[in-house]
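Listed here are the chains, written in short residue letters.
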Amino acid sequence: MKTDRTPLVTGVGKAPTGISGFDTITGGGLPLGRTTLLVGGPGSGKTVFALQFLVNGVQQHNEPGIFVAFEESSQRILDNASGFGWKLKPAQRKKLHFLNAQPQPDLVQSGDFDFCGLLAALQAQAQSTGARRIVFDALDMVLALLPDPQAQRREIYRLHTWLLARGLTGIITLKADTDDTHAVSQQPFGFMQFMVDCAVILKHSVVQGVSQRSLRVQKFRGSSFDENESPFLIGNGGLEVAGARTLDNVDTQVTTERISSGVERLDTMLGGGYYRGASVLVTGFSGTAKTTLSGAFVQAACQRGERTLFVSFDSEGGEVIRNLASVGIRLAPFVKNGILRMASARTISGSAETYLVRIKALAQEHRARCVVIDPVSTWSKSGTDLNTHSVAERLIDWSKADGTTLLCTRLLDEMSSPAEGSSPLQLSAQVDTWIHLNYLVQAGERNRGLSIIKSRGTAHSNQVRELILSDSGVTLADIYTAGGEVLMGTLRWEKERAERVASEAVEVARKLKRVRLDAEEAELEVRVKSLQTELAAKQIEKALLLSSSKSLAGDVSRDRTRLEELRGADATPPTRSGGVP
């Protein structure tokens, strides 16, 4: 369930720590010119936090700092911190000062001392260096040497008053058992939590064999803050806090751009592919081609020239590349040219919080626009259900804020249902698109099926398609049903073959009919031609007959006229009263 967070309200100035995530949950950093108490058990990261605060103050804000070490020597602290890569320039190194304040053996024996001399020395150094930040590391080590609680309180108040008078932004670290947060104030020096303006509790525990680190801001005078526990880790760059966004952050830029899933017909089922910046979950049993579908997405992203991060928890990166090549997905060239970065669980180990922070760091370092985590369900075995759910929420939150298109796979065991209601991750409720892969056993065969359970903002297909893997890649077959059941494998092949034979038979019949009609047409055309010829002959014969009749009539008339001329007949024919001519 997503936790509602209100915008942080600040009434005091903040000194940014530069620690990734911490300044977010405190709304800007530690109280400026005031004192912060860091409480935690051994190995909880107090010294790293305090030293990183000083280093970032010098590097990012040009604020000189002083580190007062009561437990370890200055050189030892520097040696321990050398692995974090906090490389200060020569001019910057002069602004970070270390004071070795470890109790001397004679002081330990007498137990009679105060901070006057130490504070006088610090006063002189702060004035000469212009220090704005100061750290008292492991103050409990020296306080424990005082003879009674009254003396301890006296020196603590002396130190606190000195800090407030100088306006220095100070950090005091103390050892305490933080497993029971409510009991921290009951421990020695626990009353310091009431004096300081800000108190941060750091925890380091082992849950189900997995190391877990978290911190919680217990109080922050004059400012609101995220009161929940936030996981953190100590990585190559120091301490990193996995804080979630607050409502005062700028909303994520929403886009309508679609990007390919790597499978053309799946893009069609999705109405054009995934949305840019969307979160996608692919669930399925072992062997249902979750990794293959992820590989197709990665190949498509790399072909578009988008930098991509592929995190595998099942196999080494090289094994993934080799296996995907068997189905026509070639990722090796993209690894070679630097567009694709492969990471495996063997290089990222630890708790779910560790996975999240490391993956975020890898993605930012690689400037990845697409990230694949295969399978993310591994995280459910790396801590408590609450932590795992929190990490999943932060994962989605981070990808959306960063505009990264995220594809996660989740392995279902044989007893799970697609609803994954019992999953501590509960990614299905948070992701934008959920694709489920399963097996369908028919006629002695096990075939892969793909269905889109949800895809926000898209008119996606509700059909179950057969997922086919071949040397040429990943394809989705057309749906075939018989008796209300989806056919796959050989049953689908037989159905396709029967339809193809029927179609060919129809085509042959159509061609035969056309040939017959063409023959009949030709025959009729011949007959029409013959009749036309006969008609023309009859018309000619008729014309000749008429012409001959007219000619004969003319000849008869002319012969009669000639005969009358030969007989000398009158022009006027004789009448009956005049006698016979």
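Residues numbered from 1 in each chain as written. Predicted model: local features only at pLDDT ≥ 70, side-chain atom pairs only at ≥ 80, totals over all residues. Heavy atoms only, no water.

Novice: Give me the lowdown on the nonpolar core, citing residues and values where you can.
Specialist: Across soluble globular proteins, nonpolar side chains show a tendency to be buried alongside one another. Counting residues in hydrophobic clusters, the biggest one holds 36 residues, and the most contacted among them are Leu266, Tyr274, Leu293, Leu331, Leu340, Ile435 and Leu450. Ranked by the residues each element gives to this core, the list is headed by helix H11 (residues 290–303), at 6 residues. Look past the residues within four positions of Leu293 in its chain and what remains in contact with it is Ser261, Val263, Leu266, Val282, Ile435, Leu437 and Leu450. By size, the runner-up hydrophobic cluster in this structure holds 35 residues, among which are Ile19, Ile171, Val200 and Phe225. (Core = buried A, V, L, I, M, F, W, Y, C linked by side-chain atoms within 4.5 Å. Buried < 20%, exposed > 50% of the residue type's maximum accessible area, 1.4 Å probe, protein only. Helix = DSSP H or I, 4+ residues; strand = E, 2+ residues; numbered from the N terminus. Contact = heavy atoms within 4.5 Å.)

Novice: Help me get a handle on the pairing of strand E4 (residues 65–69), residues and values and all.
Specialist: Here E4 lies mainly inside the structure; 5 of its 5 residues are buried. Every second residue of E4 is oriented toward a common face, with Gly65, Phe67 and Ala69 on one face and Ile66 and Val68 on the other, all of them buried. Bridge analysis of E4 against strand E5 (residues 96–100) gives 5 bridges, and the strand direction is parallel. Looking across to E5, one finds that Ile66 is bridged to His97. (Pairing = 2+ DSSP bridges.)

Novice: Run through the environment of Gly43, naming residues and quoting values.
Specialist: Residue placement: Gly43 occurs in the loop between strand E3 (35–40) and helix H2 (46–61). Overall, the relative accessible area of 47% leaves Gly43 in the partly exposed class. Distance from Gly43 to Lys175, taken between C-alpha atoms, is 9.8 Å for residues 132 residues apart in sequence. Gly43 has contacts with His204 and Arg213, leaving out every residue within four places of it along the chain.

Novice: Residue-level account of the pairing of strand E15 (residues 308–312), with values.
Specialist: In terms of burial, E15 is largely enclosed, as 5 of its 5 residues are buried. Of the two faces of E15, the one lined by Thr308, Phe310 and Ser312 and the one lined by Leu309 and Val311 are each fully buried.

Novice: Run through the packing of helix H6 (residues 116–129) against helix H8 (residues 149–166), naming residues and quoting values.
Specialist: Running from amino to carboxyl end, H6 crosses H8 at an angle of 15°, the nearest separation of the two axes being 11 Å. In this view, H6 runs roughly parallel relative to H8, as classed from their interaxial angle. Regarding H6 and H8, the two cross each other, and that crossing is right-handed. Contacts between H6 and H8 involve Cys116, Leu119, Leu122 and Gln123 from the former and Arg158, Leu159, Trp162 and Arg166 from the latter. Taken together, the residues of the contact of H6 with H8 sort by class into 5 nonpolar, 1 polar and 2 charged. (Axes fitted to C-alpha atoms, helices over the stretch in contact; angles between N-to-C directions. Parallel < 35°, antiparallel > 145°, perpendicular 65-115°, else oblique. Left-handed = near helix turned anticlockwise from the far one by under 90°. Nonpolar A, V, L, I, M, F, W, Y, C, P; charged D, E, K, R; others polar.)

Novice: How would you explain the pattern of salt bridges if you had to name every residue and give the values?
Specialist: Tallying each qualifying case throughout the model produces 18 salt bridges. The salt bridge partner of Lys175 is Glu71, with a shortest N-O separation of 2.9 Å. Of the two residues, Lys175 sits in strand E7 (residues 169–175) while Glu71 sits in the loop between E4 and helix H3 (74–81), which places them 104 residues apart along the sequence. Relative accessible area serves as the criterion here: at 30%, Lys175 is assigned to the partly exposed category. (Salt bridge = Lys/Arg side-chain N within 4 Å of Asp/Glu carboxyl O.)

Novice: Quick one: what's the story with the sheet that holds strand E22 (residues 473–477), residue by residue and with numbers?
Specialist: Ordered in space as E16-E15-E17-E18-E14-E19-E20-E21-E22, the 9 strands form an open sheet in which the pairing is mixed. The strands lining the two open edges of the sheet, one partner per strand, are strand E16 (340–344) and E22. Sheet twist, expressed as the average angle between the axes of neighbouring strands with direction ignored, equals 20°. Of the pairings in the sheet, the one linking strand E19 (residues 433–442) to strand E20 (residues 445–455) comprises 10 bridges and is antiparallel in character. When the sheet's bridge partners are listed, Leu437 is paired in E20 with Leu450. This element, helix H12 (residues 317–325), spans E15 and E16 of the sheet and lies at about 120° to E16.

Novice: With reference to specific residues and values, describe H12.
Specialist: Along H12, the positions that sit buried rather than exposed are Gly317, Val320, Ile321 and Leu324. Projection of H12 onto a plane perpendicular to its axis shows the buried side chains occupying an angular sector of 95°, all on one side. Exposed side chains of H12 directed beyond 90 degrees from the buried face belong to Gly318 and Arg322. Buried residues along H12 sit against H11, E15, helix H13 (332–336) and E16. (Arc of directions from axis to C-beta.)

Novice: Can you break down unusual backbone geometry residue by residue, with the values?
Specialist: In this structure, Pro375 follows Asp374 across a cis peptide bond, with omega equal to -15°. Unusually for a residue other than glycine, Ala289 sits at a positive phi of about 85°. Its place among the elements puts Ala289 in the loop between strand E14 (279–284) and H11. On the accessibility criterion, Ala289 (7% relative accessible area) is buried. Phi is positive for Arg367, which is not a glycine, with a value near 55°. Looking at the secondary structure, you find Arg367 in the loop between helix H14 (352–366) and strand E17 (370–374). The exposure class assigned to Arg367 is exposed, which follows from its relative accessible area of 58%.

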